[in-house]
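Now for the letters of each chain:
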Amino acid sequence: MWIRRAFFSWLFPAALVLPLWLFIGWGVFQAGGWAFLWVLFVALPSVLVGELALAFLVRARPTVREERAVSWRDVLGFTVWHGLTIALGFFPKDAFGWLLTGTIVAFLGLFWSTLWQLWKDVAERGRAAFVVDADTMRGTVYGDQGQPVRERASRNGDVIVITETGQTGEGRSPH
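Residues numbered from 1 in each chain as written. Predicted model: local features only at pLDDT ≥ 70, side-chain atom pairs only at ≥ 80, totals over all residues. Heavy atoms only, no water.

**Remarks on the pattern of salt bridges**
Counted by the stated rule, this structure contains three salt bridges. The partner of Asp-74 in a salt bridge is Arg-61, and the shortest N-O contact between them spans 2.4 Å. Here Asp-74 is found in helix α4 (residues 72-88), whereas its partner Arg-61 is found in the loop between α2 (33-60) and α3 (62-67), with 13 residues between them in sequence. When sorted by exposure, Asp-74 lands in the same class as Arg-61, which is buried. The partner of Arg-61 in a salt bridge is Asp-121, with the nearest N and O atoms 3.9 Å apart. One end of the pair, Arg-61, is in the loop between α2 and α3; the other, Asp-121, is in helix α5 (residues 96-125), and 60 residues separate them in sequence. As far as burial versus exposure is concerned, Arg-61 and Asp-121 are alike and both buried. Connected via shared salt-bridge partners are Arg-61, Asp-74 and Asp-121. (Salt bridge = Lys/Arg side-chain N within 4 Å of Asp/Glu carboxyl O. Helix = DSSP H or I, 4+ residues; strand = E, 2+ residues; numbered from the N terminus. Buried < 20%, exposed > 50% of the residue type's maximum accessible area, 1.4 Å probe, protein only.)

Below you can see the structure in the form of structure tokens.
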């Protein structure tokens, strides 16, 4: 579990560390002028934006927010993608094209895996209600496919039901 939590904490710092590594790697391994332009205008923005997008998608999942840990599938995907990105920072002359292709494929696979996991988490929750206990200020998710949400929530405490008034297409309705 600590590995999954470590990856959860690493997602946002990685958005800064990995692009910085590519820039430092360019200087240390003397990759050349064209590589500098590639790092500056392609690699840095794409790794930064890609990592942020993945971090937000992962943290949008209800199970990740509850456990404060990513899934094992995320651990595998981020390990592969980050490992390939770090390897790119060494700018190996013979394997750079293969590493770049592998890095892009790993990112795309991780992106679709993350979207699929988000879709699955949200779909499994189905019709659920989020109820906050006023005394403890802790939230609980109620609801499953077998029992109506209002019945289950009303048996477990006070329920405030907010219903919208007005007709569709009206915009805001007066109260």
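**So, the side chain of Asp-74**
Since its relative accessible area comes to 0%, Asp-74 is described here as buried. Beyond its immediate chain neighbours, meaning those up to four positions away, Asp-74 contacts Val-58, Arg-61, Leu-110, Thr-114 and Gln-117. (Contact = heavy atoms within 4.5 Å.)

**Focus: unusual backbone geometry**
Phi is positive for Gln-30, which is not a glycine, with a value near 45 degrees. Inspection of the secondary structure assignment puts Gln-30 in the loop between α1 (2-28) and α2. By relative accessible area, Gln-30 is classed as exposed at 66%. Phi at Phe-91 is positive, roughly 50 degrees, even though this residue is not glycine. Structurally, Phe-91 is set in the loop between α4 and α5.

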